[in-house]
Amino acid sequence: MSKQQKPVGVDAKKMSSELFALTYGSLVAEMLKDYEDPRQVNLQLDKVGFNMGIRLADDFLSKQAGVPKCTDCRQMAETLSKNVIPAYLGVSATVNNWESGDREFSLQIENNPLTEFVEVPQDLTSLHYSQMIAGAIRGGLEAVHIKVTTTAIETPTNTVIKVKFIEVLKDNLPAGED
Amino acid sequence: DYPKEVLEGLDKATSSLVYKALASRNAETNLESIGLRTGFLLAERLCRDLPRISTELEIMKFICKEFWISVFGKQVDNLRTNHQGVYVVQDNRFPCLTSFSDGTQYVKDAAIYLCFPCGVVRGALQALGIQALVTPTTDQLPSVKFHIHIKTKLT
């Protein structure tokens, strides 16, 4: 890649949040038209997010050297809400609703930029509009060997991401090799 | 919905296949329509607080200045017109193409990256009352020329 002249005045890595939110909305609308089934759209958004998350994990670890290693779910939730979400969404999140012995929690994202201009129609209750964020969290954690399941649920005031811890992934050698 | 003549004389299975082939959309059209919607909404938001933009040339200037800055982070480098409904917008360093290396090597691969911005521009023009055909050409990355062919002005 050649990067001799940098554009003057604008940061090439930043884009308008309005453009981002509207593009995401158009993408979801287009997918709804294509798949005709909101649940299928959830799956695809999750996949998109997952692929983003895997890459974002590397980016995050390279930029934030001071983040300690997480040893339990509480620390994981803390890092997600205090470091990861503010870094990539620009808004803060709060952790609550601990369940099943600290294995499940909810991340509440206030003023989710993705939903700034959005009103999901009544008949699309099964659509998880912000599932891309949930997928990204799943992908990011999978990159650091933590397997979770995530769902994004839209409430009238904010977005709630439910995270459920499954297991810690171990590096296994492929079968048949010593 | 396609003319009946296309499907006439075909048995049911084939005709449904033909119908599917005609109805299905490829990646380019999908990206273009995502862009169209985005551009339409964004233009509506941007010109909400501005005085009324009435003439075709004013609309084009708005697209090349305010709109371009808010979408692509910079102004266009050149705007030309033949005064008969054809405008050529030139951007010498188009942000969607800056991750390609400069030169002519990847011109073909870059084509799909221009579908979305084309849709955005077309959507914005539509929001301002102009139906247009937008086609990109690029000879050397990262510079692009958008040919805007104005078809009919809505009233």
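Analysis parameters
- Residues numbered from 1 in each chain as written.
- Chains lettered and ligands numbered in written order.
- Predicted model: local features only at pLDDT ≥ 70, side-chain atom pairs only at ≥ 80, totals over all residues.
- Heavy atoms only, no water.
- Helix = DSSP H or I, 4+ residues; strand = E, 2+ residues; numbered from the N terminus.
- Expected span 1.5 Å × (residues − 1).
- Bend = angle between axes of the 7 residues up to and from the residue.
- Pairing = 2+ DSSP bridges.
- Axes fitted to C-alpha atoms, helices over the stretch in contact; angles between N-to-C directions.
- Contact = heavy atoms within 4.5 Å.
- Buried area = accessible area lost by both parts, 1.4 Å probe.
- Salt bridge = Lys/Arg side-chain N within 4 Å of Asp/Glu carboxyl O.
- Polar contact = N/O pair within 3.5 Å; in protein donor to acceptor, adjacent residues only side chain to side chain.
- Nonpolar A, V, L, I, M, F, W, Y, C, P; charged D, E, K, R; others polar.
- pLDDT = per-residue confidence, 0-100.
- Buried < 20%, exposed > 50% of the residue type's maximum accessible area, 1.4 Å probe, protein only.
- Phe/Tyr/Trp six-rings, centres within 6.5 Å; stacked < 30°, edge-to-face > 60°.
- Core = buried A, V, L, I, M, F, W, Y, C linked by side-chain atoms within 4.5 Å.

Caption draft 1: Geometry of helix α2 (residues 38-63) of chain A. The terminal C-alpha atoms of α2(A) lie 36 Å apart, and with 26 residues this matches the ideal 38 Å at 1.5 Å per residue to within 8%. A:R55 marks where α2(A) bends most, by close to 25°.

Caption draft 2: Structural view of the sheet that holds strand β1 (residues 93-99) of chain A. Residue and element names in this part refer to chain A. Strand order in the open sheet formed by four strands is β1-β2-β4-β3, and the pairing between neighbours is antiparallel. Both edges of this open sheet fall to β1 and β3 (146-154), since each of them pairs with a single strand only. Neighbour-to-neighbour, the strand axes of this sheet turn through a mean angle of 25°, independent of strand direction. Of the strand pairs in this sheet, β3 and strand β4 (residues 159-168) are connected by nine bridges, and their pairing is antiparallel.

Caption draft 3: Region of the structure containing the interface of chain B and chain A. Taken together, the contacts link 17 residues of chain B with 17 residues of chain A. With both sides pooled, the region where chain B packs onto chain A buries about 1,600 Å², and carbon together with sulfur makes up 57% of that total. Of all residues in chain B, the largest losses of buried area upon contact with chain A belong to B:I34, B:R45 and B:R93, amounting jointly to 30% of the total for that side. Put simply, chain B and chain A have one salt bridge between them. The salt bridge involving B:R45 is made with A:E18; its shortest N-O contact spans 3.3 Å. Connecting chain B to chain A are four residue pairs in polar contact (both at pLDDT 80 or more). Among the residues forming the side of chain B that touches chain A, the class breakdown is five nonpolar, seven polar and five charged.

Caption draft 4: Geometry of the environment of B:P117. Residues and elements named next belong to chain B. Among the structural elements, P117 can be located in helix α6 (residues 115-127). In the structure, P117 is positioned 73 residues away from E44 in sequence and 17 Å away in space, judged by C-alpha atoms. In contact with P117, other than residues within four places in its own chain, are F72, F94, C96 and F146.

Caption draft 5: Broad picture of the confidence of the model for chain B. Chain-level statistics for chain B give a pLDDT mean of 85 and a share of 88% at 70 or above. Here the prediction assigns the complex a pTM of 0.80, and the interface score ipTM is 0.77.

Caption draft 6: Spatial organisation of the side chain of A:Q44. Residues and elements named next belong to chain A. On the secondary structure map, Q44 appears in helix α2. What makes Q44 buried here is its relative accessible area of 17%. Sequence-distant contacts of Q44, that is, excluding residues within four places in its chain, are made with M31 and Y35.

Caption draft 7: Representation of the packing of aromatic side chains. Residue and element names in this part refer to chain B. Evaluation of the coordinates by the stated rule reveals 10 aromatic pairs over all chains. When the centroid spacing of 4.8 Å and the interplanar angle of 50° are considered together, the rings of F72 and F94 count as tilted. Within this pair, whereas F72 is found in helix α4 (residues 56-72), its partner F94 is found in the loop between β2 (86-91) and α5 (107-110), the two being separated by 22 residues in sequence. By the burial criterion, F72 is buried, and F94 matches it. For the pair F100 and Y106, a centre-to-centre distance of 6.4 Å together with 35° between the ring planes defines the contact as tilted. Relative accessible area serves as the criterion here: at 14%, F100 is assigned to the buried category. The partly exposed category is assigned to Y106, whose relative accessible area is 31%.

Caption draft 8: Here's a closer look at the pairing of β1(A). All names here are of chain A. Pairing geometry for β1 and strand β2 (residues 104-109), over five bridges, is antiparallel. Counted as the bridge partner of N96 is S106 from β2. Taken together, β1 and the strand that follows it, β2, pair antiparallel across an intervening segment of four residues, in which S100 is found at a positive phi of about 35°.

Caption draft 9: Representation of the environment of B:E44 in the model. Along the polypeptide, B:E44 turns up in helix α3 (residues 27-46). Sequence separation of B:E44 and B:R93 is 49 residues, and the distance between their C-alpha atoms is 26 Å.

Caption draft 10: Representation of the nonpolar core within the structure. Counting 38 residues, the largest nonpolar core has B:I63, B:F67, B:W68, B:L125, B:F146 and B:I148 as its most contacted members. Taken together, the elements giving at least two residues each to this core come down to α1 (17-35) of chain A together with α3, α4, β2, α6, β3 (130-137) and β4 (144-153) of chain B. For B:F146, the contacting residues outside a window of four places in its chain are B:W68, B:Y87, B:V88, B:V89, B:F94, B:L114, B:P117, B:C118, B:V134, B:T135 and B:P136. Residues A:A77, A:M132, A:I133 and A:V163 belong to the second largest nonpolar core, which totals 31 residues.

Caption draft 11: Broad picture of the pattern of salt bridges. Applying the stated rule across the entire model yields 12 salt bridges over all chains. For the salt bridge of A:D46 with A:R138, the shortest nitrogen-to-oxygen distance reads 2.6 Å. Taken together, the residues A:D46 in helix α2 and A:R138 in helix α4 (residues 131-143) connect sequence positions 92 residues apart. A:D46 gets classed as buried once you look at its relative accessible area, which sits at 11%. In the salt-bridge network here, residues are joined through shared partners; they are B:K74, B:D77 and B:D91.

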